[in-house]
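Examination of the molecular architecture
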Amino acid sequence: MVTMAESAAEVDARSRMTKGGRRQRWLRRAPLLPALVLVIVVTQLPFLTTLVISSFQWNVLSPGQRSFSGLTNYVTVFTDERLRSAAVNTVTLTASVVILSLLLGLLLAVLLDRKFVGRGLARTLLIAPFLVMPMAAALLWKHAIYNPEYGLINGTLNAVWQLFGADRGPVISWVDSFPMPALVASLVWQWTPFMMLILLAGLQSQSNDVLEAARVDGASGVATFRFLTLPHLRRYLELAALLGAIYVVQAFDHVFTITQGGPGAATTNLPYEIYLTMFREYEYGEAAAAGVVAVVGTIIVSIFALRVVSSLFHEEVTR
Amino acid sequence: MTGTVSAEFVDRRPAPHKTGVPPRPRHRGVTSDVHRGGIRWALVAWTMTLLFFAPVAWMALTSFHREVDAATNPPSLFAELTFEQYGQLFDRGVTPFLINSAMASCVSTLLVVMLAVPAAYALSIKPVKRWTDVMFFLLSTKMLPLIAALLPVYLVVQRLNMLDNVWTLVVFYTAMNMPIAIWMLRSFLAEVPREVLEAAQVDGANLLHVLWHVVRPIAMPGIAATALICIIFSWNEFLFALNLTATRASTAPVFLVGFITNEGLFLARLCAAATLLSLPVLIIGFAAQNQLVRGLSLGAIK
Amino acid sequence: MSRQNLRRALSVVSVLGAVSVLLASCAGAGGSSGGDGSAGDGDSGAVNVLMVGNPQMEDLAQLTEDNFTADTGIDVNFTILPTSELRDRVTQDVATQGGQYDVVTVGGYEVPIWAENGWLAELGDAASGDQSYDYGDLLDPMVTSLGGPDGGVYALPFYGESSFLMYRTDVFEDEGLTMPERPTWPEIADLAAEVDEARSDMAGICLRGLPGWGELFAPLTTVVNTFGGTWFTEDWDAEVDAPEFREAVEFYVELVREHGQAGAAQSGFTECLNTFGQGNAAMWYDATSASGPLEDPAASKVAGDVGYVHAPVVQTDASGWLWVWALAVPETTQQPEAAQEFAHWATSKEYEELVGEELGWSRVPAGKRQSTYDIPEYAEAAEAFGQITLQAIEEADPVDPGVQPRPTVGVQYVTIPEFADLGTKVSQEISAAIAGQGSVEDALENGQELAETIAENYR
């Protein structure tokens, strides 16, 4: 990093004698460079290594048999049905979690934007799920909530049933019967507060005057929400969806803990499938190829989402 | 805007309804409707709040139960309370793991802020050409499935002889949180009035001076929100902590999975560990929630 | 102007310089973070041990400092992880020569494979040369399953287990049922149906359904063995879709679906222990090591009410599995002597006595030494299950566990690296069938395809 800075200074010194424009450009870049260099070193070098590994036939359990195999791993990846279904599961999981937690977050934000008894406390309690360690949350949901014998849901059902005189409540195996919804629910629980915070911030940045004017003009609450608040919230909704999607696409702790990708491969998403290839088959080359394909796929989807759909990335007037 | 929000939350509890008119009516409904609507509103809001908070409350409660009471059906709410599980946590030596986690998350967050503020400056206040491309590149690095980077990172760290070292995690978490931090901070810095900056530059202030005396005070809520998000993500990170550390540098999530015994009842144990290990972040998050709301609201504007 | 720019550039340099100095100093500072306990204090002379999070290992972590370290002056740091994370970590560390661990707990499945790859140090020679260690006291099946291709022994057994059938004596008495000393699977199915009929508050039987070669396929492979099936024949023909294999799996899936516990597809050993320990099942077929926690009144509601009989059979005389958690020393260790000394101590008679005296005799890591069962205190503490455990281990034959000769050594697993993946994938689909999604037929057809691909490598 010192070299980086020195070269910036060097360029600076040289450019003083030549054109001012070049120096100016480097001056503008200089503050960006340390952060950028760090990100490139830590994320892009591993990515390049992944590219290299993906061209090898490399099973760790057969040491000494590592060999260059060109694109063979990619052929395997593209013809692997499990990987295709993992891609579909990733999309399903990410989309449902992001959409549901956005909707719930919006509802909660609207509720919290009004005054009511104990609002501050309610907001504090609502933030909690986002702060609980994901690994802890996943274990908590699997064992303390979904467990059919002594989990909180079946336990509560049982208590209610017994309250009404029944012998025993229904015993529902949530993770077996509804694997994907069970996974989605636990992730929605974690991400809703995050969405809620962003949207609440959006609601509170809305100007009172406009809303007041709408009310004076006789607009109904629903109409005000539909035509004034929602458009105002658009950027906030997009920001929340974007940040949420970035993290939910990577969801690993929950899948690993709650369903182990099952039953069958019904909830296996890409990160978990790559993990299985790496730690169950020990096919490092194949896992790397799958990783590369996943990266390229995600970037294509996100280019589409960011450049075409979102307003977050429209270039502002450069200063 | 900043002013209204903070005023809102300084006065968090509504004034008693002595006159029927709330002290400062915001946008919706007035007078007596507020009362009836208010109660319905409060009911809906509190029902949802309690639903969302129930798992956390259950976790905390169970952590004070004995194992045999933790796994009953129907759940026993009023079982005897005990600190036994927490005692076990400390017997198993949870402290070094907590110290490692604190180190990794605090130092990395500090580094993130130190590097991301200048970077955000270069992307907003005096933007480099094609800054949107830089932003996009930064975001795209967040889309690599972390798991795919696991093996190369492991191999590199191993060659550098840096396995099982807290500083490896620090560097890694710094890079992991950098894109989001720059991304958030850029929006905050875009809020700094240009006139102020120009005035400072006319005065001949250097970059550090501008950053410290002009940008920092205005962007402070944003920086606080960013730092908080970074702390949360690095405190909670599991996969890399598990793979890059062994006996010396392991962090809290790694302790958590190792603490759950494979054989025997473990529900109360699990809840105690989960509660204790989530507690630091919960406390920081609760204490800084106003900054979080203010910070995030700025973040979406530009 | 130029002066201003110079100052600006200098300030950038100084910030960067400060940051990089900080980074560099950080890097040099090393990872020690102080504190004691299991995360250790990071001095290089310490032995780093990676263990699975079973209670026996937790006891070891607890007793080491005041005994082993006090006697030898060797510091020991422990990392404790659940089974699956442990396997991932050890494989990665050993396979990439990471050298982070000096001693690791490994199972009977990994030892021969890793020994063949040259990843583990030979321990048998030194152990048999150590008079006080009494190498001959180790149970034969244990030593056999820890052998490498050259006949050397590459890990020392810490505790061993077989499998047996546990049942609730009080429930059986109430319902007027009797459990044969050596039951057959059809008898067990009938008993499960009868209990299920009579008792609404508990399942007839508890069986594992959690995907994983070491979870679902541990009990299921023993069922396959005794039904006459096998994964591979001696000549590496895949037999996954053979009638015997299918019959066994269909029997197992039907039994657990009809009379098994709720949430069976998510039940591994731990979940089953909870189910049975909370009194929610009348029978349970699983590891002999379950008896310890089941007979502990602090953790179990059924202590004293559990009867133990041999693993159910069909075509074979015995059908218990054989599993051993052993201590191995990776070749990459920097301090082989200290590591070996620790492994000797932890698997010695002396350590078993120490556990008995300090923590209670029911917590002794048994199942590896003949002499354990001759200790009067242990015999008393393990009255209900000690002898049958020893018998089950002695009867288990890792070389010939079924009706036909096998290509590798091992009862409930095939000792080839690909089995972890094969077993896991097939178990995922069978687990789905237990959850009511997908069929056994499809699962085994897919399994056969996978198995054939693997078998080709060995023919």
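Think of each chain on its own: its residues are numbered from 1, step by step along the sequence as written. The lettering of chains begins at A and the numbering of ligands begins at 1, in the order of writing. Only residues with pLDDT of 70 or above have their local features reported here, since the model is predicted, and side-chain atom pairs are shown and tallied only from 80 upward, although totals for entire chains, interfaces and linings are computed over all residues.

By the naming in an unreviewed UniProt entry, chain C goes by Sugar ABC transporter substrate-binding protein and is assigned to Phytoactinopolyspora halotolerans.

Chain A has the name Sugar ABC transporter permease in an unreviewed UniProt entry, where Phytoactinopolyspora halotolerans is given as its organism. UniProt positions are given in the numbering used here, feature names are shortened, and annotations may be inferred rather than shown by experiment. Of chain A, the UniProt comment under Subcellular location (unreviewed entry) reads exactly: "Cell membrane". The Sequence similarities (unreviewed entry) field of the UniProt record for chain A holds the comment "Belongs to the binding-protein-dependent transport system permease family."

Some remarks on the overall build of chain C
Within chain C one finds 18 helices and 8 strands. Relative to the globule expectation of 23 Å for 459 residues, the C-alpha radius of gyration of chain C, 25 Å, shows essentially globular dimensions. By principal-axis analysis of the C-alpha atoms, chain C measures approximately 95 × 55 × 50 Å. Partly exposed residues are those whose C-beta has more than 12 but fewer than 20 other C-beta atoms within 10 Å; 20 or more makes a residue buried and 12 or fewer makes it exposed, with C-beta atoms placed from the backbone. Out of the 459 residues in chain C, the part that is buried amounts to 57%. Secondary structure is summarised from DSSP: a helix means a run of H or I of at least four residues, a strand means a run of E of at least two, and numbering begins at the N terminus for each. For the radius of gyration, the atoms used are the C-alpha atoms, and the globule rule reads 2.2 Å times the number of residues raised to 0.38.

A short note on the overall build of chain A
When its secondary structure is counted, chain A shows 15 helices and 2 strands. Looking at chain A as a whole, 51% of its 319 residues are labelled buried. Looking at chain A alone, contacts between residues at least 24 apart form 68% of all its contacts between residues at least 6 apart. Once C-beta atoms have been placed from the backbone, residue pairs whose C-beta atoms lie within 7 Å are recorded as contacts.

Overview of the environment of Thr268 of chain A
Residues and elements named next belong to chain A. Tracing the backbone through its elements, the reader meets Thr268 in the loop between helix H13 (253-259) and helix H14 (270-279). Residue Thr268 is classed as buried on the basis of its C-beta count, with 24 C-beta atoms lying within 10 Å. Taking the C-alpha atoms as reference points, Thr268 and Met180, separated by 88 residues in sequence, lie 9.6 Å from one another. Dropping the residues within four chain positions of it, Thr268 is found in contact with Ala86, Asn89, Gly261 and Glu273.

What about unusual backbone geometry?
Despite not being glycine, Gln260 of chain A has its phi angle at roughly 50 degrees, a positive value. With respect to the secondary-structure elements, Gln260 of chain A resides in the loop between H13 and H14. Accessibility expressed as a C-beta count within 10 Å gives 26 for Gln260 of chain A, which makes it buried. If you check the backbone angles, Trp236 of chain C has positive phi at about 60 degrees while not being a glycine. Looking at the element boundaries, Trp236 of chain C is found in the loop between helix H9 (217-226) and helix H10 (243-259). Residue Trp236 of chain C is classed as partly exposed on the basis of its C-beta count, with 17 C-beta atoms lying within 10 Å.

Quick notes on the packing of H9 of chain C against H10 of chain C
Residue and element names in this part refer to chain C. Where H9 contacts H10, the two axes come as close as 8 Å, and the packing angle between them is 130 degrees. What the angle tells us is that H9 and H10 run oblique. The chirality of how H9 crosses H10 is right-handed. Judged by residue contacts, Leu220, Val223 and Val224 of H9 engage Phe245, Ala248, Val249, Phe251 and Tyr252 from H10. Gly is put with the polar residues, along with every residue not named as nonpolar or charged; the nonpolar set is Ala, Val, Leu, Ile, Met, Phe, Trp, Tyr, Cys and Pro, and the charged set is Asp, Glu, Lys and Arg. Classifying every residue of the contact of H9 with H10 gives 8 nonpolar, no polar and no charged. Each axis is a line fitted through C-alpha atoms, and for a helix only the stretch in contact is used; angles between axes span 0 to 180 degrees, taken between their N-to-C directions. If an angle is under 35 degrees, it is roughly parallel; if it is over 145, roughly antiparallel; if it lies from 65 to 115, roughly perpendicular; otherwise it is oblique. In this scheme the handedness of a crossing depends on how the near helix is turned from the far one: anticlockwise by less than a right angle means left-handed, clockwise means right-handed.

Quick word on the environment of Tyr86 of chain B
Residue and element names in this part refer to chain B. Of note, Tyr86 is situated in helix H4 (residues 84-91). The exposure class of Tyr86 is partly exposed, given the 17 C-beta atoms found within 10 Å. Once the C-alpha coordinates of Tyr86 and Phe172 are considered, the two residues, 86 residues apart in sequence, prove to be 31 Å apart. Leaving out residues up to four positions away in the same chain, Tyr86 has contacts with Ala272 and Leu276.

Notes on the interface of chain B and chain A
Contact residues are listed per partner, giving 93 residues for chain B and 93 residues for chain A. The biggest single contributor to the side of chain B that touches chain A is helix H2 (residues 31-62) of chain B, with 15 residues. Looking at side-chain class alone, the side of chain B that touches chain A contains 67 nonpolar, 17 polar and 9 charged residues.

Some details on helix H7 (residues 146-159) of chain B
Residue and element names in this part refer to chain B. Residue count minus one, scaled by 1.5 Å, sets the expected span of a helix. If you check H7, its first and last C-alpha atoms are 20 Å apart, about what 14 residues at 1.5 Å a residue would give, namely 20 Å. To obtain the bend at a residue, axes are fitted to the seven residues ending there and to the seven starting there, and the angle between these axes is taken. Of all the bends in H7, the largest measures some 30 degrees and sits at Pro152. For H7, every residue scored as buried is listed here: Ile147, Ala148, Ala149, Leu150, Leu151, Pro152, Val153 and Val157. Taken from the residues just after H7, Asn161 is the one with a positive phi, measuring 60 degrees.

Considering the UniProt feature "domain: ABC transmembrane type-1" (unreviewed entry) in chain A
On the UniProt side, "domain: ABC transmembrane type-1" (unreviewed entry) is annotated at positions that read residues 87-305 of chain A here. Within residues 87-305 of chain A, the helical portion is 78% and the strand portion 0%, while the C-alpha atoms at the span's ends are 17 Å from each other.

Thoughts on the domain arrangement of chain C
Residue and element names in this part refer to chain C. Where each domain starts and ends comes from a domain assignment, either automatic or drawn from a database. Here chain C is described as being made up of domain 1 (47-161 + 323-381) and domain 2 (163-321 + 400-456). For domain 1 and domain 2, the distance between their C-alpha centroids amounts to 27 Å. Across the boundary between the two partners, domain 1 contributes 12 residues, which contact 13 residues of domain 2. For the side of domain 1 that touches domain 2, the secondary-structure elements that each account for two or more residues are helix H4 (110-116) and helix H6 (140-145).

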